[in-house]
Amino acid sequence: MALSLGKSKRILQCLKSKICVVGLGKNSFWSGWFHHGCPSSMAPLAPTCRNPDAVLVNAATQFATRRFESTKAEKHVDSLCDAEGNQLLDFPGGKVAFTSEMRFIPESPMERAHCYRVLDDNGQPNVSNFVQVSKEVAVKMYATMLTLQVMDTIFYEAQRQGRISFYVTSIGEEAINVASAAALSIDDVIFPQYREPGVLLWRGFTLQEFANQCFGNKADYGKGRQMPIHYGSNKHNYVTVSSTVATQIPQAVGAAYSLKMDGKDACTVTYFGDGGSSTGDFHAALNFAAVMEAPVIFICRNNGWAISTPVSDQFRSDGVVVRGRGYGVRSIRVDGNDALAMYTAVCAARKMAITEHRPILIEALTYRAGHHSTSDDSSKYRPVSEIELWRMARDPVSRLRRWIESNDWWSGEAESELRSNVRKEVLDAIQVAERVEKPPIAEIFTDVYDAPPSNLCEQEKLLRETIRRYPQDYPPDVPAL
Amino acid sequence: MALQTNKPLNGRRRGQSKRDQATLQNGVVWTITAPFALYLADQTLRRSSAQVRSEEAKMLGIVSRKVLGQSLGRIRPAVWALRNYSSAEKQMTVRDALNSALDEEMSADPKVFLMGEEVGEYQGAYKISKGLLEKYGPERVLDTPITEAGFTGIGVGAAYYGLKPVVEFMTFNFSMQAIDHIINSAAKSNYMSAGQISVPIVFRGPNGAAAGVGAQHSQCYAAWYGSCPGLKVLSPYSSEDARGLLKAAIRDPDPVIFLENELLYGESFPISAEVLDSSFCLPIGKAKIEREGRDVTITAFSKMVGFALKAADILAKDGISAEIINLRSIRPLDTPTINASVRKTNRLVTVEEGFPQHGVGAEICMAVVEESFGYLDAPVERIAGADVPMPYAANLERMAVPQIEDIVRAAKRACYRSTAMAATA
């Protein structure tokens, strides 16, 4: 008796699963069997599929209560099956397949996400599927990267000499800066953190303009309002650097959304570091960008250090690239010291962002070969040998040079000529900037609002009056006019 | 100084546009739909019947005062008032005023868009954005995820690009999550970029104490934002204020903080045809003298203006004529108007709901001391909320917020009529 019962159970199970494959709906035989009935006694098909005995138990009730028609509620309780007969349920957010196996998703993958690279350590391409760059573009990229490196070295020295108050170098990240800029168009709006002057350099900001901002003189586009390296330029589509970390990330999303509304053939690009990816702004921005379908490229310069915090103390995920999936954002990991890989990836990202209206996350792996800033001495928290290794053996500038030299696009003479020219230009720019007057007094009070309010006009009058009366108390190189 | 009135409440501007009429009619319709009915019922229960009666009397009083201020009115006041009151006198709630202002500005400028929690499908947490999603679509009315820091940053980025976002905070208490973006990005960007990046953004939402919402939903942020250069801070009282100031805020190229008040949303105010015109706009930085007086100046903003006006009625019975200044603009503060008033009355009482230390009243006191010390006949009196996080229990809440009696007592003290301090009463 028991055996035969068991057998009939199995037969019923087979039947049930077959019916699941056929699909359910108002028209199917079984649904007709079960849907017309009092909702309270109605056994939804999901449980019955799992528990075939319930079929037998409820059949009688179903027949008896068939005359009570109530179809609306059942629709929601309906479950569906996918092609393999696995149960699906349409929870809010979409259909989800069930499983009887309780399996936690592991916290780290078996293998870390692979890193896209084109040029090997010797500057030789190990693949052919990268965006072919012309000689002009390649040489310009190299020249800009070298200029950035020379500029950084000399400005850093100037700060040490006390000629400027502060400086931030981008040593080791020249390829990220320049190659990404080269892949973009001038209409793409840049929202930088503070380690991306190479993007401005590529777009045509001159060494003199850099020096003017660092010295805060009259010619500074920022009118001497900000610390050094807080560059900004409307005509280069480069939003002024703001000291607050990661605030530029959601701002880039908002601007990208506006670009989309305007139907422009452009995207926004925002840069931040591994440290910046820990902020709330990063989370909100990526989440929003995916929901709003904004054409924005997020470039994370994962250089291993957030001042003195190594990445192992910053996050426990496999870097930043895996987080893209957490937000529904397409992402890629790239060798940040490989100019061609960066160029290729950003080209592709830009195309996807604009044509498909989607955000893209690019994690560029690199190393911060310099100190965090002139206020930092990184030998205090990391071995000097590590710094030297990355600065010397893995320098992105040298790697690109090896490639263009192997193409006969560059030579030793061109190298020394460029180096000495740039060095001279930077030194000249610094000397000139140092001697230019500081911005006039009036600029203390302008731009607080669109039009100066009466209280600020009064304060300015008061200040001028005081300077007129006590000129010896005020610096002579600040024009009172 | 003459009463700052709008065009007279006669039938001269009868030719309202159909749209304005429809807006008003829609406003009336919205007011009586179910959720509103519940809300209004709730509000009415909270207000005592005495308050309701005095408000009606006040409205009638305003009408007759405005009429008296006109030359024609002097000749036949009663008939004129009756004609005006029955024909062109319109009432509008602050909620409808805000809604209509948003609607008109969004329709006039395609760059204006609204974002915030629940502003779209839910029609606005306080129904301020009712009907806007339907009219302008999801591209211009954005329901945001729950991250003030996130959507404020996004709004600021959109403003950098050139759009004109109106960002709604469910209450300004939640703006603290976004205050870095408001101050360090929105307020300072124009200055830090030397004019290259302007930020034409408006942050609006209810501010200050509501009724029974506890400490984390009741703080007033007027003083916090009012101290920050680069921001403009406005706080409307009546429907006319709400309409005019919100329109001015949206049109302004600088970042504006617009502090509304939840309890005022359902209050109705008389409104003239000029105010209903879609080009109506109030200047930022100008206070309004709600009621002229000779003996003492009382400054207030937002809900406290209503309390101050009622206090003025009580004081009038004791022969003290109080001049009530509705600040309208916290930053820039209209110190010329305040000083001119103090030079006339020689006594000052400042009223605010927020915490006393470093408050708006402290700033007004100093502004008057700097300019008009010689004109003061008595120390400046400051009425503010209690220096405690807002308690929940109704009796404690009542004691933590200024009441009309406190204002009356302070005014009497300033006028040397002996009266005890509130705490000992």
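Labelled according to an unreviewed UniProt entry, chain B appears under the name Pyruvate dehydrogenase E1 component subunit beta, originating from Vitis vinifera. As its UniProt record puts it under Cofactor (unreviewed entry), chain B is described as follows: "thiamine diphosphate".

Chain A carries the name 3-methyl-2-oxobutanoate dehydrogenase (2-methylpropanoyl-transferring) in an unreviewed UniProt entry, which gives Vitis vinifera as its organism. What UniProt states about chain A under its Subcellular location (unreviewed entry) heading is, verbatim, "Mitochondrion matrix". According to the UniProt record, the Subunit (unreviewed entry) comment for chain A reads "Heterotetramer of alpha and beta chains."

K.L.:
So what's going on with the sheet that holds strand E13 (residues 348-351) of chain B? Residues and values would help.
P.N.:
Residue and element names in this part refer to chain B. Taken in spatial order, the five strands of this open sheet run E9-E11-E10-E13-E14, and their pairing is mixed. Looking at the sheet topology across the chains shown, the edges are occupied by strand E9 (288-291) and strand E14 (381-383). Neighbour-to-neighbour, the strand axes of the sheet open up by a mean angle of 25°, direction not taken into account. Two elements, E9 and strand E11 (residues 322-326), share three bridges in a ladder whose sense is antiparallel. Pairing of Lys288 across the sheet is with Asn326, part of E11. Most of the contacts of helix H17 (residues 404-414) go to E14, to which it runs at about 175°, and overall it touches strand E10 (296-300), E13 and E14.

K.L.:
Explain empty space enclosed by the protein residue by residue, including any values.
P.N.:
Taken as a whole and assessed by the stated rule, the structure comprises six cavities of 30 Å³ or more. Taken as a whole, the second largest cavity holds about 130 Å³ of empty space. Lining the second largest cavity are 16 residues; nearest its centre among them are Val239, Thr240, Ser242 and Gln251 of chain A together with Tyr160 of chain B. Secondary-structure elements contributing two or more residues to the lining of the second largest cavity are helix H10 (248-262) of chain A together with helix H9 (179-192) of chain B. Tallied by class, residues from the lining of the second largest cavity come to seven nonpolar, nine polar and no charged.

K.L.:
Help me get a handle on the pattern of salt bridges, residues and values and all.
P.N.:
All chains considered together, the criterion is met by 49 salt bridges over all chains. As a salt-bridge pair, Arg333 of chain A and Asp318 of chain A come within 3.1 Å of each other at their nearest N and O atoms. One end of the pair, Arg333 of chain A, is in strand E9 (residues 330-335); the other, Asp318 of chain A, is in the loop between helix H12 (311-314) and helix H13 (321-327), with 15 residues separating them in the sequence. For Asp318 of chain A, a relative accessible area of 7% corresponds to the buried category. For the salt bridge of Asp252 of chain B with Lys232 of chain B, the shortest nitrogen-to-oxygen distance reads 3.0 Å. Of the two residues, Asp252 of chain B is situated in the loop between helix H11 (239-251) and strand E7 (256-260) and Lys232 of chain B in strand E6 (residues 232-234); the sequence distance between them amounts to 20 residues. For the pair Asp252 of chain B and Lys232 of chain B, one class covers both residues: buried. Via salt bridges that share partners, Arg117, Asp121, Asp335, Asp338 and Arg399 of chain A belong to a single interconnected network.

K.L.:
Explain the confidence of the model for chain A to me, using residue names and the numbers behind them.
P.N.:
Residues and elements named next belong to chain A. Residues of chain A with pLDDT of at least 70 account for 82%, and the chain-wide mean is 86. Counting contacts from residues 1-6, a segment whose pLDDT is below 50, to residues more than four positions away or on other chains yields zero contacts. Counted against residues more than four places away or in other chains, residues 19-52, with its pLDDT under 50, gives 60 contacts.

Cut-off values and rules
Residues numbered from 1 in each chain as written. Chains lettered and ligands numbered in written order. Predicted model: local features only at pLDDT ≥ 70, side-chain atom pairs only at ≥ 80, totals over all residues. Heavy atoms only, no water. UniProt positions renumbered as here; feature names shortened; annotations may be inferred. Pairing = 2+ DSSP bridges. Helix = DSSP H or I, 4+ residues; strand = E, 2+ residues; numbered from the N terminus. Axes fitted to C-alpha atoms, helices over the stretch in contact; angles between N-to-C directions. Contact = heavy atoms within 4.5 Å. 1 Å grid on protein atoms, 1.4 Å probe; cavity = no way out; pocket = protein on both sides within 12 Å on 5 of 7 lines; lining within 4 Å. Points joined across faces, edges and corners; volume = space filled by probe spheres on them. Nonpolar A, V, L, I, M, F, W, Y, C, P; charged D, E, K, R; others polar. Salt bridge = Lys/Arg side-chain N within 4 Å of Asp/Glu carboxyl O. Buried < 20%, exposed > 50% of the residue type's maximum accessible area, 1.4 Å probe, protein only. pLDDT = per-residue confidence, 0-100.

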